[in-house]
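Here is what each chain is made of, one letter per residue.
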Amino acid sequence: ILLGKKEVYLAGFDGYSHNSEENYSAYSKRMIMKNSVVDKMNVGIAKMLHLYAKQIELKFVTDSAYKEYQK
């Protein structure tokens, strides 16, 4: 945005799952969290993307739980 770009391409925004095994490909990176924490993380990311989408076009390269913010 600060560089005056009109669009940004995003990958890896598939959202967090209640099943911790689905969140990371490597077992060593896995975090076990309460479902309420996972839900809050997803809501927080969605809010952030909503704000950015007002300023720059978001394009998702991979499947995303947040596709609603793509124009």
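Chains are numbered independently. Their residues run from 1 in the order of the written sequence. At least 70 in pLDDT is required for a residue's local features to be given in this predicted model, at least 80 for side-chain atom pairs to be given and counted, and no such filter applies to totals for whole chains, interfaces and linings, which use all residues. Side-chain measures were taken over the full set of non-hydrogen atoms in the model, leaving aside hydrogen atoms and water.

Asker: Would you mind going over the nonpolar core with me for this structure?
Answerer: Most often, soluble globular proteins keep nonpolar side chains buried together rather than apart. Counting nine residues, the largest nonpolar core is built from Leu10, Ala46, Leu49, Ala53, Ile56, Leu58, Phe60, Tyr66 and Tyr69. Elements that contribute at least two residues to this core include exactly helix H1 (35–53) and strand S2 (57–60). By definition, any uninterrupted DSSP run of H or I lasting at least four residues is a helix, any uninterrupted run of E lasting at least two residues is a strand, and each is numbered from the N terminus. Sorting elements by how many residues they give to this core places H1 first, with three residues. What makes two residues a contact is simply this: any of their non-hydrogen atoms within 4.5 Å. Those residues in contact with Phe60 that sit more than four places away from it in its chain are Leu10, Phe13, Leu49, Tyr66, Lys67 and Gln70. Buried residues of nine kinds, namely Ala, Val, Leu, Ile, Met, Phe, Trp, Tyr and Cys, make up a nonpolar core once their side-chain atoms join them within 4.5 Å. Burial here depends on accessible area, computed with a 1.4 Å probe over protein chains only, as a share of the maximum for the residue type. Under 20% is buried, over 50% is exposed, and the range in between is partly exposed.

Asker: Sorry if this is basic, but what is going on with the side chain of Ser64 here?
Answerer: Looking at the secondary structure, you find Ser64 in the segment after S2. Only 2.9 Å separates the side chain of Ser64 from the backbone nitrogen of Tyr66, close enough to count as a polar contact. Among residues more than four places away in sequence, those in contact with Ser64 are Phe13 and Asp14. The term polar contact refers here to a pair of N or O atoms within 3.5 Å; inside protein, the definition further demands a hydrogen-donor-capable atom paired with an acceptor-capable atom, and it admits residues adjacent in sequence only when both atoms are side-chain atoms.

Asker: When you look at a nonpolar patch on the surface in this model, what are you seeing that I'm missing?
Answerer: Residues form patches when they are more than 30% accessible in relative terms and have no salt bridge. Like charges link within 9 Å. Nonpolar side chains (Val, Leu, Ile, Met, Phe, Trp, Tyr) link within 5 Å. For accessible areas, the Shrake-Rupley method is used with a probe of radius 1.4 Å. Any residue's cover is judged against the shown protein chains and nothing else. Criterion for a salt bridge: a side-chain nitrogen of Lys or Arg within 4 Å of a carboxyl oxygen of Asp or Glu. Judged by side-chain polarity, Ile1, Met48 and Tyr52 come together as a nonpolar surface patch covering roughly 260 Å² of accessible area. Relative to the helices and strands, Ile1 resides in the segment before strand S1 (7–10).

Asker: Please clarify how the packing of aromatic side chains should be interpreted in this entry.
Answerer: When we look at a pair of aromatic rings, we describe it by the centre distance and by the angle of the planes. Whether two aromatic rings pair depends on their centres lying within 6.5 Å, for rings of Phe, Tyr and Trp, where Trp uses its six-membered ring; planes under 30 degrees apart make the pair stacked, over 60 edge-to-face, and the rest tilted. Under the counting rule described, the total for this entry stands at one aromatic pair. A centroid spacing of 6.2 Å and a plane angle of 70 degrees characterise the contact between Phe13 and Phe60, whose relative ring orientation is edge-to-face. With Phe13 in the loop between S1 and H1 and Phe60 in strand S2, the pair connects residues that are 47 residues apart, well separated along the chain. Residue classification places Phe60 among the buried positions, given a relative accessible area of 8%.

Asker: What am I meant to see in H1 here?
Answerer: Given 3.6 residues to a turn, an α-helix orients residues that are three or four positions apart in the same direction. Compared with an ideal rise of 1.5 Å per residue, which puts 19 residues at 27 Å, H1 spans 27 Å between its outermost C-alpha atoms and is within 8% of the ideal. Here H1 has its buried residues at Val38, Asn42, Ala46, Leu49 and Ala53. Taken around the axis of H1, the buried residues stretch over an arc of 75 degrees, which confines them to a single face. Across from the buried face of H1, at angles greater than 90 degrees, the exposed residues are Lys40, Lys47 and Leu51. Elements that come into contact with the buried residues of H1 comprise S1 and S2. Working rule for helices: expected span equals 1.5 Å times residues minus one. Here the arc refers to the set of directions running from the helix axis out to each C-beta atom.

In short, the description is geometric, and any link to function would need to be established separately.
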